[in-house]
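Chain and residue survey
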Amino acid sequence: MNIHEYQAKAILKQYGVSVPEGYLVEAVNQLETQARKIQTDVAVVKAQIHAGGRGKAGGVKVVDSLNACMAVGTEMLGKQLVTHQTGLKGQKIRKIYIEEGCEIKSEFYMSMVLDRATSQVMIIASKEGGMDIEKVAMQSPNSILKISVDPLIGIREFHVRVLAESFGLSTELMPNLDKIIKGIYACFVEKDLNLVEINPFVLTKENVLIALDAKMNFDDNALFRHPEIELLRDFNEEDRKEIEASSVGLSYVALDGEIGCLVNGAGLAMATMDAIHYAGGTPANFLDVGGSASAEMVHKALDIILSDDHVKGVFINIFGGIMHCNTIAKGIIQATQAMPRSVPIVVRLEGTNVEEGKRLLDHSGLDIISADTMDEGAEKMVALIKHKEAIA
Ligand code: ADP
Ligand code: MG
């Protein structure tokens, strides 16, 4: 689960990490009251959406008067912001954060992520802050420092010293950095984070270190331990289909392609997406109905897939292990009969009672094309869509 910058900063503040003072605005009529609270000559108006790259896209604006702040805030609220992370449609700005401006001496990059290879929290840092870390990683990988933190010993002075050195900070800033790193690490562990990213992490003209931006991602599987974090979820920032899917226990991730995939098991779902790509198509989603896919789940999943207008065909690839193929076939037939709109369906079934399952599909009188292997299914699906386009 992701949260907004203003929420992440409020959490960091609880852990003793310095952040600029800021005020949230959710409607134009709150603008003036909030803007008047700013104590600095310069303020920064920041669009609150779950995507980065706002600065370059006009979602972060520096203003030097109350009037300018009001004008920028009014313009931003309700606007659609397109950044390199939002996709072409962009994301609607429903909230803005007005923050005290600070004079920046240097901008750094710092993040902590859970490194699955070492099962440790990894600190990633770079002197090149404020820009795309992905670009820095490609162009000058040696400028990125990675430090693994042993969970049994936590953050120690030597970690902080290595970081200070890589940022080029003088020794008198060590206590300041120490407090921040320990605060962020404590937050990471206690709140069950997957990621916290501070870009930029800055040194101000007054020689203090502050987090000027903050991104946090929480481990969904641990959310039950943090009801206070669950409250921060902003459904407006999530795909409607993904919300619906998670509410019935389906793992669904929306993608940009045109072939809907209905699969059981995450590994099989990944392999199916590969097979579609290999056959020259593009998957519209990742969808795992779970190992014990029931007829109802298949039905619900098909509805969610078809609510995406880009979907031109559905490839159902199911391995009947716990659930037998004949039961799944019945689910597919029911779901196909009730389909909100008609698109070609290709089914590949394998596993227990596969013959009976296939027989049911073949005799259903429905336009369901069966395939014996995954590759064959993907090829048939792609060919069907191309054929439909050619005759249209
Ligand atoms: P994004 O990463 O989405 O572009 P940031 O919060 O990182 O958004 O802001 C972009 C840039 O705007 C920062 O790199 C920094 O230079 C500047 N900036 C952001 N907040 C402030 C602030 N409070 N005071 C001064 N400059 C800021
Ligand atoms: Mg940033």
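As the structure is a prediction and not an experimental result, all values here were calculated from the model.

**Considerations on the coordination of the magnesium ion (ligand 2)**
The coordination sphere of the magnesium ion (ligand 2) contains the protein donors Asn199 (O) and Asp213 (OD), at a distance range of 2.1 to 2.2 Å. One end of the pair, Asn199, is in strand S10 (residues 193–204); the other, Asp213, is in the loop between strand S11 (209–211) and strand S12 (215–218), and 14 residues separate them in sequence.

**Let's talk about the pattern of salt bridges**
For the structure shown, the criterion picks out 22 salt bridges. Residue Glu5 pairs with Lys46 through a salt bridge whose shortest N-O separation is 2.7 Å. Here Lys46 lies in strand S2 (residues 43–47) and Glu5 lies in helix H1 (residues 5–14), a separation of 41 residues in the sequence. In this structure, Glu356 and Arg359 form a salt bridge, with 3.2 Å as the shortest nitrogen-oxygen distance. With Glu356 and Arg359 both in helix H12 (residues 354–362) and three residues apart, this pair spans about one turn of that helix. According to the relative accessible area criterion, Arg359 is partly exposed, its value standing at 40%.

**Quick look at helix H11 (residues 325–337)**
In this model H11 runs 18 Å from its N-terminal to its C-terminal C-alpha over 13 residues, within 8% of the 18 Å that 1.5 Å per residue would give. Among the residues of H11, those classed as buried are Cys325, Asn326, Ile328, Ala329, Gly331, Ile332, Ile333, Ala335 and Thr336.

**Some remarks on the site of ligand 1**
Around ligand 1 lies a shell of 17 residues, among which Lys46, Arg54, Gly55, Glu99 and Glu107 are the nearest. In the environment of ligand 1, a nitrogen atom lies 2.8 Å from a nitrogen or oxygen atom belonging to the side chain of Glu99. Here an oxygen atom of ligand 1 sits 2.7 Å away from a polar atom, N or O, in the side chain of Glu107. Here ligand 1, which alone exposes 540 Å², has 83% of that area covered by the protein. Sorting the residues of the shell around ligand 1 by element identifies S2, strand S6 (96–100), strand S7 (104–115) and S10 as the ones contributing at least two each. Per-domain counts for the shell around ligand 1 show at least three residues from each of domain 1 (1–20 + 103–238) and domain 2 (21–101).

How each quantity is defined
Residues numbered from 1 in each chain as written. Chains lettered and ligands numbered in written order. Predicted model: local features only at pLDDT ≥ 70, side-chain atom pairs only at ≥ 80, totals over all residues. Heavy atoms only, no water. Donors = N, O, S within 2.8 Å, 3.2 Å for Na, K, Ca; no water. Helix = DSSP H or I, 4+ residues; strand = E, 2+ residues; numbered from the N terminus. Salt bridge = Lys/Arg side-chain N within 4 Å of Asp/Glu carboxyl O. Buried < 20%, exposed > 50% of the residue type's maximum accessible area, 1.4 Å probe, protein only. Expected span 1.5 Å × (residues − 1). Near = heavy atom within 4 Å. Polar contact = N/O pair within 3.5 Å; in protein donor to acceptor, adjacent residues only side chain to side chain. Areas by Shrake-Rupley, 256 points an atom, 1.4 Å probe, with all protein chains shown as cover. Domains from an automatic or database assignment.

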